[in-house]
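Fold and contact review
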Amino acid sequence: MSKKVNFRLPEELIEKADVAARISHKNRTDIITEALRNYLEEVEDQEGFKEAVVELYLDDEINFDVLKDLIGRQDAESVRASKALLEQGDELAHELADL
């Protein structure tokens, strides 16, 4: 599945992408997609990336599907279960505080 996006790039990057596309018999979109995919794979391997993604999920800034795509299904399921336990603990703490 793909989604159309609009963004600006420096002219020299577009020129380089066009040359790479011509040489490799691909289109500009394929070249940019491949470059972005490679970059994201590299970033995902950096220490701290997964922890930052988990923080975003715990703060409700990303949804479960995004979490799963970035850290893998098994780890995402563990994080979701931990989040549920944390939320239950918060609810219990509020109930006890009201006594």
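See above for the structure.
Quick summary incoming for the structure in this document. Note that the structure is predicted; figures quoted are calculated from it, not measured.

1. So, the nonpolar core
Core analysis: the largest hydrophobic core is formed by 9 residues, namely Val-53, Val-54, Tyr-57, Ile-62, Phe-64, Leu-67, Ile-71, Ala-76 and Val-79. Counting only elements with at least two residues in this core, the list comes to α3 (49-58), α4 (64-71) and α5 (73-97).

2. A word on unusual backbone geometry
At His-25, a residue that is not glycine, the phi angle is positive and equals roughly 60 degrees. Among the secondary structure elements, His-25 is positioned in the loop between α1 (11-24) and α2 (28-44).

3. Points about the layout of surface pockets
A probe matching the size of a water molecule, rolled over the atoms, marks out where space remains unfilled. Of the volumes computed, that of the largest pocket is approximately 630 Å³. What lines the largest pocket is a set of 18 residues, and nearest its centre among them are Val-5, Phe-7, Thr-29, Ile-32 and Thr-33. For the lining of the largest pocket, the element with the highest residue contribution is α2, accounting for 9 residues. Residues that form the lining of the largest pocket fall into these classes: 8 nonpolar, 4 polar and 6 charged.

Definitions and cut-offs
- Residues numbered from 1 in each chain as written.
- Predicted model: local features only at pLDDT ≥ 70, side-chain atom pairs only at ≥ 80, totals over all residues.
- Heavy atoms only, no water.
- Core = buried A, V, L, I, M, F, W, Y, C linked by side-chain atoms within 4.5 Å.
- Buried < 20%, exposed > 50% of the residue type's maximum accessible area, 1.4 Å probe, protein only.
- Helix = DSSP H or I, 4+ residues; strand = E, 2+ residues; numbered from the N terminus.
- 1 Å grid on protein atoms, 1.4 Å probe; cavity = no way out; pocket = protein on both sides within 12 Å on 5 of 7 lines; lining within 4 Å.
- Points joined across faces, edges and corners; volume = space filled by probe spheres on them.
- Nonpolar A, V, L, I, M, F, W, Y, C, P; charged D, E, K, R; others polar.

Note that every value here comes from positions in space, so none of it alone points to a role or purpose.
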